[in-house]
Structures are given as structure tokens and as C-alpha cells.
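What follows is each chain in one-letter form.
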Protein chains: 2
Amino acid sequence: MDENQRTHGPIPRTTMERLPGYLNFLRMKTGPEYERISSTVIAQEMNLSAITVRKDLACIASGRPRVGHRREELIERITEVLGSGECSTAVLVGVGNLGHALMCYKGFEHYGMQILAGFDVDSRVVGSEINGKTVYHINNLYSFIQKNGTSIGIIAVPAPCAQEVCDRMVAAGIRGILNFAPAHLRAPANVVVRHEDFAVSLALLAVSMEKQS
Amino acid sequence: MDENQRTHGPIPRTTMERLPGYLNFLRMKTGPEYERISSTVIAQEMNLSAITVRKDLACIASGRPRVGHRREELIERITEVLGSGECSTAVLVGVGNLGHALMCYKGFEHYGMQILAGFDVDSRVVGSEINGKTVYHINNLYSFIQKNGTSIGIIAVPAPCAQEVCDRMVAAGIRGILNFAPAHLRAPANVVVRHEDFAVSLALLAVSMEKQS
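A.B. asks: Even after reading the chapter, I still don't get the sheet that holds strand β7 (residues 152-155) of chain A, so can you show me in this structure?
C.D. replies: All names here are of chain A. Taken together, the seven strands give an open sheet; going across it, the order is β5-β6-β4-β3-β7-β8-β9, and neighbouring strands pair in mixed fashion. Unpaired on one side and paired on the other, β5 (129-130) and β9 (192-195) mark the two borders of the sheet. Here β5 pairs with strand β6 (residues 133-137) via two bridges, running antiparallel. Across the sheet, residue I130 finds its bridge partner in β6, namely K133. Contacting β3 (89-93), β4 (114-120), β5, β6 and β7, helix α6 (residues 97-104) crosses the sheet at an angle of about 155 degrees to β4.

Set out below in C-alpha cells:
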């Protein structure tokens with residue numbers, strides 16, 4: 001982590017997850033009346049509790065009481081925190097609809113993250129360019145990762161193929177995996193695996209709705 | 001929530017997020033030696049701490065000390081918890097690559113969730129069938145939601161169109177929104193909005209990797 005985090009200590013996961021929301025919100029507020037913005041205003045407009053916002057922003061920046069935060073500074077800080085990983089390049093395996101969407105996703109660049117290339121076995125996509133990035137055959141995965149020193153792999157293949165892809169990534173030196181396949185992956189303890197599960201997102205939404213009603 | 005949750009109290013969000021992982025893991029372990037399974041074994045094989053697993057499982061089922069949990073019962077319980085929302089049907093707006101992938105996503109059915117239909121403005125997809133579900137023109141959104149009593153909307157359109165889609169959903173009676181567009185949405189306080197941000201997933205992965213190294 002950078003100086004920012006050393007100063008403020010580790011940032012709680014729930015805060016990290018709200019940062020992109022703040023960023024999108026702050027980017028929209030371009031008027032001069034938003035040059036300085038208080039956590040109270042952010043809380044009101046984003047339907048969050050004032051305490052939550054104050055605590056979240058205290059993790060990343062030092063606002064002055066009654067004066068609020070400089071909007072530009074907040075944007076800069078959040079971008080820094082979210083993009084501060086040394087591991088800012090990734091490879092993606094599985095260029096189906098989801099993989100295609102990920103390769104075109106605009107959000108990554110905001111945080112200094114970049115998908116370098118896609119990999120697949122399907123001859124209909126191998127050799128094509130998506131969003132300026134080449135799709136290679138999976139057999140080139142090892143040499144590509146070695147050559148580029150990439151440490152993050154994104155898995156967007158069907159569940160039955162996910163373990164094989166994971167093994168290939170690990171063998172090539174990948175240390176962090178973002179897995180979109182609804183499958184459990186076995187990986188060495190020194191490799192971080194994060195599961196993205198759309199179904200659980202929907203389930204969590206339903207649970208929040210019940211709490212409200 | 002169902003009886004299960006009334007017995008065990010509300011389930012922490014971090015636990016909810018790990019449940020699909022357990023489910024995928026347990027579904028893979030079909031051998032007779034896994035008929036009963038302890039939290040220690042699950043922890044070892046999933047690279048989690050034993051305390052985490054014990055606490056997570058205590059939220060959803062009552063295992064007996066030294067005997068462990070019945071695998072089938074765990075699977076049933078997790079499925080119940082994740083699919084226990086009364087709001088189990090959703091509509092999706094934006095049938096690009098991501099929307100297409102979501103309409104084909106296998107994971108939803110495991111939890112009793114179902115995307116009923118897709119909506120778009122593009123004449124190339126309107127009228128088509130994806131995974132057995134029809135794609136309608138967005139102008140049919142209001143009547144479809146009213147007719148089917150759907151309470152969840154999934155937004156998979158580009159960021160600049162997201163607010164308009166959100167407004168249309170809210171006007172039609174949607175009470176929960178899963179937003180995949182990298183945009184801040186304004187919605188009434190009684191509507192729950194959950195943001196899915198691929199970039200923050202990647203950022204969180206990078207942060208976990210740094211903690212490890």
C-alpha cells in the first residue's frame with residue numbers, strides 16, 4: 001500500500017466496496033457548489049448514513065470540520081487507493097459473453113487496472129481484437145504471463161473448465177485469481193482466489209429488501 | 001426470512017458472501033467419506049480459517065461436536081438461505097454482452113432466482129430468445145413488471161443510460177436494483193440499490209495479494 005494507507009491504517013473491506021460509489025457520485029458533481037463537499041451532503045444524496053460516510057472518508061483523506069473535503073482531492077485519493085496495487089495488469093481466460101464484456105469494461109482504467117489480453121480455445125475468437133486487446137490461444141498463456149510479469153488472472157470460462165484454467169494460471173506464476181465461474185477452485189495457499197458470484201449478489205439484494213419491508 | 005434465520009438470527013454479510021463457495025465445494029464432494037464433514041476439513045480444503053468456517057456454519061445449521069455436519073443437510077440449508085428471498089424473479093435491462101451472459105448464467109437457479117425476461121432498444125436483439133427468455137423492447141417494461149409482479153431489476157446498460165433505466169424501473173414498481181453500470185444512481189429511499197463493480201473486485205483482489213506478500 002502507498003503512503004496514504006500507511007498513514008490511515010488498513011481500509012476496511014466494506015469501505016473499499018463503497019469507494020467506487022463515492023467516486024461515481026463525485027465525478028457527477030461538477031458544479032462550483034461542489035468544489036468542497038461535506039460527508040453530510042454525500043450521505044444525504046447517496047442515501048447512506050452520515051456516520052458511515054464520515055468514517056469511510058476518514059480512512060482515505062483528512063477533511064476539516066465544518067469545511068468539508070475538496071472534491072478534486074477526494075477523487076484523487078479514492079483513485080489512488082483503488083488503483084494502488086502493484087499488480088495492475090491482468091489476463092483473462094474465456095472470451096464468451098462475460099469475458100467479452102469484461103474486456104470492454106470501462107471501470108478498470110479508472111483504477112489503473114488493465115486487462116492485457118484474452119485467451120480462449122475457440123477458433124472463432126482466437127486471433128480477434130476486442131477493445132484493442134488481442135485474444136490468443138490458451139496454449140500461449142504461460143509464455144505471455146512469463147513475458148509480461150502479469151500476476152492477476154480472471155477466469156470467465158464455464159464451471160467445468162475452471163479448475164484446469166486455474167492450474168494453468170498458477171503454473172505460469174499468477175498470484176491472484178478473480179473467478180467468475182460458479183465452481184470451487186483448489187489453489188496453493190499463496191495464491192489469492194476471489195469468487196464473483198452473481199447469484200449471491202442477487203440473494204444479498206433480496207435479503208436487504210426484506211429487511212426494508 | 002424463513003424459520004432457519006429466525007432460529008439463528010441475521011446472517012452476517014461476509015458469511016452470506018462465503019455461502020456460495022461452501023455450496024460449490026460441498027457439491028463437488030460426492031464420495032461416501034464426505035457424507036459427514038467437519039468445519040475443520042472444510043477449512044483445510046478451502047484455505048479458510050477453522051474459526052471462520054465454524055462461525056459461518058453455526059449461522060445456518062447445528063452440527064454436533066466431533067461428529068460434524070451432514071453434507072446433504074448443509075447443501076439444503078445453504079440453498080434455502082440463499083434462495084429464501086420472497087422476491088425471486090427479476091427483469092434485466094440491457095442485453096449486450098454482459099446482459100447476455102447474465103441471462104445465461106447457471107448460478108441463479110440454484111437459489112430459486114430467475115430472470116424472467118430481457119429488455120433493450122436495439123432492434124437486433126429485441127424479439128430474440130436467450131436461454132429460453134424473450135427480449136422485449138424497453139417500452140414494454142412497465143406493463144411486464146406490473147403484470148408479473150416482479151420486484152427486482154438488473155441494470156446492464158452503459159453508464160450514461162443507467163439513470164433513465166433506474167427511473168423507469170422504479171416507476172413500474174421495482175423495489176430492488178442490481179446495478180452493473182459504473183454509474184451512481186438516484187433512487188427513492190425505499191428502493192434498495194446494490195452496485196456490482198468489477199473494478200473494485202479487482203482492486204480488492206490486489207489488496208489481498210499485497211497483504212499476503
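A.B. asks: It is not clear to me how the interface of chain B and chain A should be interpreted in this structure. Could you clarify?
C.D. replies: Where interface size is given, it is often the accessible area lost as the parts come together that is meant. Contacts between the two partners involve 62 residues from chain B, matched on the other side by 62 residues from chain A. With both chains or domains summed, chain B and chain A bury close to 6000 Å², and 69% of this area falls on carbon and sulfur atoms. Applying the counting rule to chain B against chain A returns zero salt bridges. For the interface between chain B and chain A, the tally reads eight residue pairs in polar contact (both at pLDDT 80 or more). Of all the secondary-structure elements, those providing two or more residues to the side of chain B that touches chain A are α2 (13-28), α3 (39-46), α6 (97-104), α7 (107-110), β7 (152-155), β8 (176-179), β9 (192-195) and α10 (198-212) of chain B. Sort the elements by how many residues they give to the side of chain B that touches chain A and α10 of chain B lands first, with 14 residues. Broken down by class, the residue content of the side of chain B that touches chain A amounts to 37 nonpolar, 15 polar and ten charged.

A.B. asks: Is there a simple way to explain helix α9 (residues 159-172) of chain A in this structure?
C.D. replies: An α-helical turn contains 3.6 residues, so a residue and the one three or four places further along point in the same direction. Residues and elements named next belong to chain A. Taking 1.5 Å of rise per residue, the 14 residues of α9 would be expected to cover 20 Å, and the 21 Å separating its terminal C-alpha atoms lies within 8% of that figure. Packed against the buried residues of α9 are β3, α8 (141-148), β7 and β8 (176-179). At the exit of α9 stands G173, carrying a positive phi of roughly 110 degrees.

A.B. asks: Would you mind showing me how to read the pairing of β8 of chain B here?
C.D. replies: Taken residue by residue, a regular strand's side chains alternate between the two faces of the sheet. Residues and elements named next belong to chain B. On β8, burial covers both faces: G176 and L178 on one face and I177 and N179 on the other are all buried. Here four bridges tie β7 to β8, and the two strands are oriented parallel to one another. Looking at β8, one finds that G153 is bridged to I177. Strand direction decides the pairing type here: β8 and β9, joined by four bridges, are parallel. Across the sheet, I177 pairs through a bridge with V193, a residue of β9.

Conventions we followed
Residues numbered from 1 in each chain as written. Chains lettered and ligands numbered in written order. Predicted model: local features only at pLDDT ≥ 70, side-chain atom pairs only at ≥ 80, totals over all residues. Heavy atoms only, no water. Pairing = 2+ DSSP bridges. Helix = DSSP H or I, 4+ residues; strand = E, 2+ residues; numbered from the N terminus. Contact = heavy atoms within 4.5 Å. Axes fitted to C-alpha atoms, helices over the stretch in contact; angles between N-to-C directions. Buried area = accessible area lost by both parts, 1.4 Å probe. Salt bridge = Lys/Arg side-chain N within 4 Å of Asp/Glu carboxyl O. Polar contact = N/O pair within 3.5 Å; in protein donor to acceptor, adjacent residues only side chain to side chain. Nonpolar A, V, L, I, M, F, W, Y, C, P; charged D, E, K, R; others polar. Expected span 1.5 Å × (residues − 1). Buried < 20%, exposed > 50% of the residue type's maximum accessible area, 1.4 Å probe, protein only.

Interpretation in functional terms is not warranted from these geometric data alone.
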